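Each chain, letter by letter, is given below.
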Amino acid sequence: MVAKDPNVSIPDEWFRKKGDGHEQAEAVVRPSLSYWKDAWRRLRKNKLAMIGLVFLVILTFLAIFGPVFSPYEVTATDLRNQNMAPSATHWFGTDEMGRDVFTRTWYGARISLFVGVMAALIDFFIGIIYGGVSGYKGGRTDSIMMRIIEILYGLPHLLVVILLMVVMGPSLTTIIVALTITGWVGMARIVRGQVLQIKNYEFVTASKSFGAGTSRIIRKNLIPNTMGPIIVQMTLTVPSAIFAEAFLSFLGLGIQAPYASWGVMANDALPVILSGDWWRLFFPAFFISITMFAFNVLGDGMQDALDPKLRG
Amino acid sequence: MDVIGQQMANASNLGDAPAKSEHRPGSGIATEEKRKQKKTISQEVMLSVRDLEVSFKTFGGEVQAIRGVSFDLYKGETLAVVGESGCGKSVTANTIMGLIPQPPGRIRNGEVIFKNRDLTKLNKKALREIQGVDISMIFQDPMTALNPTLKIGEQLIEGLRTHHKVSRAEAKRKAVEMLTLVGISNPEERLKQYPHQFSGGMRQRIVIAIALICEPELLIADEPTTALDVTIQAQILELFDEIQHKTGVGVILITHDLGVVAKIADRIAVMYAGKIIEIGNKREIFYNPQHPYTQGLLNSVPRLDLQEEELKPIEGTPPDLFAPPEGCPFAARCPYAMEVCDRIYPATTQLTSQHTVDCWLQDPRAKAVLS
Amino acid sequence: MPLYILKRFIMMIVTVLIIATLTFVLMRAIPGSPFDEERTSNPTIQANLEKFYKLDQPMPIQYLNYLKSIVTFDYGPSIKKPNESVNTLLARGFPISFELGMATIIVAVISGIILGTFAALRHNGIIDYGAMTFAVVGISIPNFVLATLLIQQVAVNWQLLPPATWSSPKHMILPVIALATGPTAIIARLTRASMLEVLTQDYIKMARAKGLTPFRIVARHALRNALMPVVTIMGTMLAGILTGTFVIEKIFAIPGMGKYFVDSINNRDYPVIMGSTVFYSAFLVFMLFLVDIAYGFLDPRIKLHKKEGEV
């Protein structure tokens, strides 16, 4: 650390008081990034999350354009070509009605993504209104609203969803309605927690003193500052909604034949799985799993990237 | 230079300074006597830290938290390590205690000699035989230092039962004794309670009791009073004094609070940017601080009896320890900075038998700057 | 503590009541009579049937009868199988489902906690990466997919284990693996995350400073604190496992309640749907209640929360 023989080699003129040299040494400050830029930088470093993101982009692309590449209609049956193994003409093979599994897989992707994203969006809107009001109003209102949430939280969600599906009859709309009726509770809890945490921050007090109304404070101040955990929750809602749709379809409560969803395809494949028609189960199962995987790792990555506790 | 130091010394309230001490009228005399008896500190070195360098790997690179720290601790003394947050004082304490997680931490160089053994080289098992037995530690925040799910009694006796073969009943007797020592009434009842049933000050007393139950020779206290109310702080410091008197334990006190230092320290080491830049006994540091940083630190402490002179916080911030400066780390903030300060780290100057400082102003060629 | 239990108990009753009412309203909201499909063109038969199932009485009376049947655990006869009551179905099917569910939860809790703890202790090591890879994969593969894969590979291709039914411990292995993998993954992740958090706490540092053995530090100081978040999700997890039994029983042809339930859904057998929904919900809510109480015992601080209104 110390120079070997400090007194010999040092020129005398170094022992003069520096003029105004105070600033220079402090110039080395790392550039400060905005919250979102910083989060994005962290997310990009997370390889797994990036793989998930890339996969989801590809999947979305294929869900939109995949059927275009295929000469077959999603519901078109071809009784001469039943249960064909994957080949040049039918890339993913055909099912027992001779329908093209490749085409049906991308239709399934459309349904899964649609259900997942819609459920997440609707949860988001209900949750943010309910949680925002509950957290911001506080006091008695909050107390009552939270009691309601606590009770709803105790309901076995999938049972309620099944009940609703039975009553409303299976359809895509029913699935989404059923999933969001039980799903918004988690989002509302998170929003409320976030709101409570930052409610007393100075900038809120400041805008209050300028006479800003409740809704304005929620919109302009609270929401932008609570987005991190909410986005993570949304990302994680998507796979659970996709799972729920597949689960219901598998039980025969989801999308009805001849339309395709991954759950329906997996369910249809069940009787033939033992006879060696592996492709019937493989493709829907593979894409459900990998889609859930992609959303899960992306959600995890976003959680790490957006968590202010980990920023440094 | 000396003038500044002298002013401060006159102004400060040092426990054993010739200036009037601030003890309460009743107990003042008694405590003063105790002090005189106690402060026959032997010259026997119990702990010797040599050229210690510790760094941590982080996302942003490697932080050089300690960059060559050396000091000795004598038997029965209290050495205060002071400095701003992030200067490496807590890392020093954790290194001695063997609590640096490796990785991300890394002891790059140096040794910690205790009882003829280098603690940095010991394996985990050998280290555990010293932790809690010979060396104990007290943490900053009593609200988090106790396990919320275990009864106080269990937390007290588990260390004792781990290291010594004692029966449960015997351990419990010892625990009651320790609680009494730290001034907790109804100790038998209290053993069955959980941490949340105690106030902050009480919890810190319990933490101290836990640290002392195996009768260690060295106690490392990391900001032991920072998280407490001022009145509780005074009580805990008094407790420290009393315990040191009763047990003769050596204490390394990590703090940024010079008020605490003035009350119970014997010697003071001033740390800055991972280095000890000045070390000396309390009188030398308070009366005759040589490093501009030490002077600045003393200048930034409020004093009741110093009205004419305003407080001067030190301007600027400590350097980035991802890439510490080659020269004196304080140069950027130093009112006396010279060109040499930016380029080369100053050698250690021995001022008295105990007082040393790392500063270029000690160099004869720097005379012009001071005048 | 008693106040805490009482509060939870009232919550439990309210929840069951809400579910029961919801079920009742939803079932009655279905247009037409449940016997429409029966081709009972004869109005007298229809009326007799409705009388038999007490559907001819006014709604409030029906509702009260319904509540009474819930309290007395008498869910009436099945519509599709009139000679069997919902109770007999439950009595026959539920023990098997319960066995499957319990075996699953035990496997999931034990392996999840072990996996999560070791992952946290070897943070960023090979065990950590391995466990977390397993966890992400485990969460991503739906249980019905896993079940089918297991049957195809382990039972059919390799002939290691029986592919279906529920007659010996050997038969339990595949269904339990299929059902437990997801929950195990979730518990492992949660345990790891909370363990990592706990290990940075001062009291752990203090325990290390006491010179305690690593085993004692983990077992005595860290684990109990780290498991609190795990306990809080046990309720939702139980619900997931329970509904999971529906598909697992379907796939493995296990004669549990799930199979009857799924059949009843497909046959629109309303008394069975209502009965099993309410029964299952009550069971789940009761488990949730037990979990809450367990949490109270695990965390000594809960006892002090005598104040109402804090969530």
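Description of the structure in this document. Everything quoted here is computed from the prediction, not taken from an experiment. (Residues numbered from 1 in each chain as written. Chains lettered and ligands numbered in written order. Predicted model: local features only at pLDDT ≥ 70, side-chain atom pairs only at ≥ 80, totals over all residues. Heavy atoms only, no water.)

### Side note on the overall build of chain B
Here comes step 1: When you go through chain B residue by residue, the secondary structure sums to 15 helices and 12 strands.
Here comes step 2: Burial status across chain B gives 56% buried among its 371 residues.
Here comes step 3: Residue pairs at least 24 apart in sequence account for 66% of intrachain contacts in chain B once pairs closer than 6 positions are excluded.
Here comes step 4: Carbon and sulfur atoms make up 51% of the accessible area of chain B, which totals about 16000 Å². (Helix = DSSP H or I, 4+ residues; strand = E, 2+ residues; numbered from the N terminus. Buried < 20%, exposed > 50% of the residue type's maximum accessible area, 1.4 Å probe, protein only. Contact = heavy atoms within 4.5 Å. Areas by Shrake-Rupley, 256 points an atom, 1.4 Å probe, with all protein chains shown as cover.)

### Remarks on the sheet that holds strand S5 (residues 117-118) of chain B
Residues and elements named next belong to chain B.
Here comes step 1: Within the open sheet, the 4 strands sit side by side as S2-S1-S4-S5. Their pairing is antiparallel. What marks the edges here is a single partner per strand, and that holds for strand S2 (61-74) and S5.
Here comes step 2: Relative to S2, strand S1 (residues 45-58) runs antiparallel, the two sharing 11 bridges. The partner of glutamate 53 across the bridge, within S2, is arginine 67.
Here comes step 3: Where helix H3 (residues 89-97) meets the sheet, its contacts fall on S1, S2 and strand S4 (105-114), and the angle it forms with S2 comes to roughly 70°. (Pairing = 2+ DSSP bridges. Axes fitted to C-alpha atoms, helices over the stretch in contact; angles between N-to-C directions.)

### Here's the deal with the interface of chain C and chain A
Here comes step 1: Listed by partner, the interface residues are 49 residues for chain C and 39 residues for chain A.
Here comes step 2: Linking chain C to chain A there are 1 salt bridge.
Here comes step 3: With a shortest N-O distance of 2.7 Å, Asp300(A) and Arg189(C) are connected by a salt bridge.
Here comes step 4: Across the chain C-chain A interface, the total number found is 3 residue pairs in polar contact (both at pLDDT 80 or more).
Here comes step 5: Listed by contribution, the elements that provide at least two residues to the side of chain C that touches chain A are helix H1 (2-29), helix H5 (126-140), helix H6 (143-157), helix H7 (169-199), helix H10 (228-252), helix H11 (257-267) and helix H12 (270-298) of chain C.
Here comes step 6: In terms of residue count, H1(C) provides more of the side of chain C that touches chain A than any other element does, 11 residues in total. (Salt bridge = Lys/Arg side-chain N within 4 Å of Asp/Glu carboxyl O. Polar contact = N/O pair within 3.5 Å; in protein donor to acceptor, adjacent residues only side chain to side chain.)

### Details of unusual backbone geometry
Residue and element names in this part refer to chain B.
Here comes step 1: One non-glycine residue, aspartate 51, lies in the positive phi region at around 50°.
Here comes step 2: Mapped onto the elements, aspartate 51 comes out in strand S1.
Here comes step 3: By relative accessible area, aspartate 51 is classed as partly exposed at 45%.
Here comes step 4: Unusually for a residue other than glycine, lysine 115 sits at a positive phi of about 50°.

### Considerations on the sheet that holds strand S10 (residues 275-281) of chain B
Residues and elements named next belong to chain B.
Here comes step 1: Strand order in this open sheet of 8 strands is S6-S7-S8-S3-S9-S10-S12-S11, and the pairing throughout is mixed. Sheet topology places strand S6 (135-138) and strand S11 (348-350) at the edges, where each strand pairs with a single neighbour. Adjacent strand axes in the sheet meet at a mean angle of 20°, parallel and antiparallel pairs treated alike.
Here comes step 2: Note that strand S7 (residues 218-222) and strand S8 (residues 250-255) share 5 bridges and pair parallel. Bridging from a neighbouring strand, leucine 219 pairs with valine 251 of S8.
Here comes step 3: Against the sheet, helix H13 (residues 292-299) engages strand S3 (78-82), strand S9 (267-272) and S10, with an angle of about 105° to S9.

### Observations concerning the packing of aromatic side chains
Here comes step 1: Counted according to the given criterion, the structure contains 25 aromatic pairs over all chains.
Here comes step 2: Between the aromatic rings of Phe286(A) and Phe287(A), the centroid separation amounts to 5.2 Å while the plane-to-plane angle is 85°, which identifies the pairing as edge-to-face.
Here comes step 3: Residue Phe286(A) is classed as partly exposed on the basis of its relative accessible area, which comes to 35%.
Here comes step 4: Plain terms: the ring middles of Phe246(C) and Tyr280(C) are 5.8 Å apart, the flat faces sit at 55° to each other, and that makes the pair tilted. A residue pair is termed long-range when its members are at least 10 positions apart, and Phe246(C) in helix H10 and Tyr280(C) in helix H12 qualify at 34 residues. By the burial criterion, Phe246(C) is buried, and Tyr280(C) matches it.
Here comes step 5: The rings of Phe102(A), Trp106(A), Trp262(A), Phe282(A), Phe283(A), Phe286(A) and Phe287(A) are connected pair by pair, giving a single aromatic cluster.
Here comes step 6: Over the ring of Tyr107(A) we find Arg110(A), and its NZ or CZ is 4.7 Å from the ring centre. (Phe/Tyr/Trp six-rings, centres within 6.5 Å; stacked < 30°, edge-to-face > 60°. Lys NZ or Arg CZ within 6 Å of the ring centre and 35° of its normal.)

### Some remarks on the interface of chain C and chain B
Here comes step 1: Every contact between the two is made by 21 residues of chain C and, on the other side, 28 residues of chain B.
Here comes step 2: Where chain C abuts chain B, roughly 2400 Å² becomes buried across the two surfaces, and 58% of that area is made up of carbon and sulfur atoms.
Here comes step 3: Taken together, the links from chain C to chain B amount to 4 salt bridges.
Here comes step 4: For the salt bridge of Glu158(B) with Arg216(C), the shortest nitrogen-to-oxygen distance reads 2.9 Å.
Here comes step 5: Where chain C packs against chain B, one counts 14 residue pairs in polar contact (both at pLDDT 80 or more).
Here comes step 6: Residue assignment for the side of chain C that touches chain B shows that the elements contributing at least two residues are helix H8 (202-209) and helix H9 (214-226) of chain C.
Here comes step 7: Here the residues of the side of chain C that touches chain B are counted per class, giving 9 nonpolar, 4 polar and 8 charged. (Buried area = accessible area lost by both parts, 1.4 Å probe. Nonpolar A, V, L, I, M, F, W, Y, C, P; charged D, E, K, R; others polar.)

### A few points about the nonpolar core
Here comes step 1: In this structure, Ile162(A), Phe144(C) and Phe252(C) are the most contacted members of the largest nonpolar core, which totals 144 residues.
Here comes step 2: Per element, the largest residue contribution to this core is 14 residues, and it comes from H12(C).
Here comes step 3: Leaving out residues up to four positions away in the same chain, Phe144(C) has contacts with Phe243(A), Ala246(A), Phe247(A), Phe250(A), Ala266(A), Ile288(A), Val247(C) and Ile251(C).
Here comes step 4: With 115 residues, the next largest nonpolar core counts Met46(B), Met97(B), Leu160(B) and Leu191(B) among its residues. (Core = buried A, V, L, I, M, F, W, Y, C linked by side-chain atoms within 4.5 Å.)

### Quick look at the pattern of salt bridges
Here comes step 1: For the coordinates displayed, the defined rule picks out 20 salt bridges over all chains.
Here comes step 2: Between Asp142(A) and Arg192(A) there is a salt bridge, with the nearest N and O atoms lying 2.6 Å from each other. With Asp142(A) in helix H5 (residues 139-154) and Arg192(A) in helix H7 (residues 172-199), the pair connects residues that are 50 residues apart, well separated along the chain. Of the two residues examined, Asp142(A) and Arg192(A), each falls in the buried class.
Here comes step 3: Taking the shortest distance from any N to any O, the salt bridge between Glu217(B) and Lys115(B) comes out at 3.0 Å. Taken together, the residues Glu217(B) in the loop between helix H9 (200-212) and S7 and Lys115(B) in the loop between S4 and S5 connect sequence positions 102 residues apart.
Here comes step 4: Here Glu217(B) falls in the partly exposed class, since its relative accessible area comes to 28%.
Here comes step 5: Judged by its relative accessible area of 45%, Lys115(B) is partly exposed.

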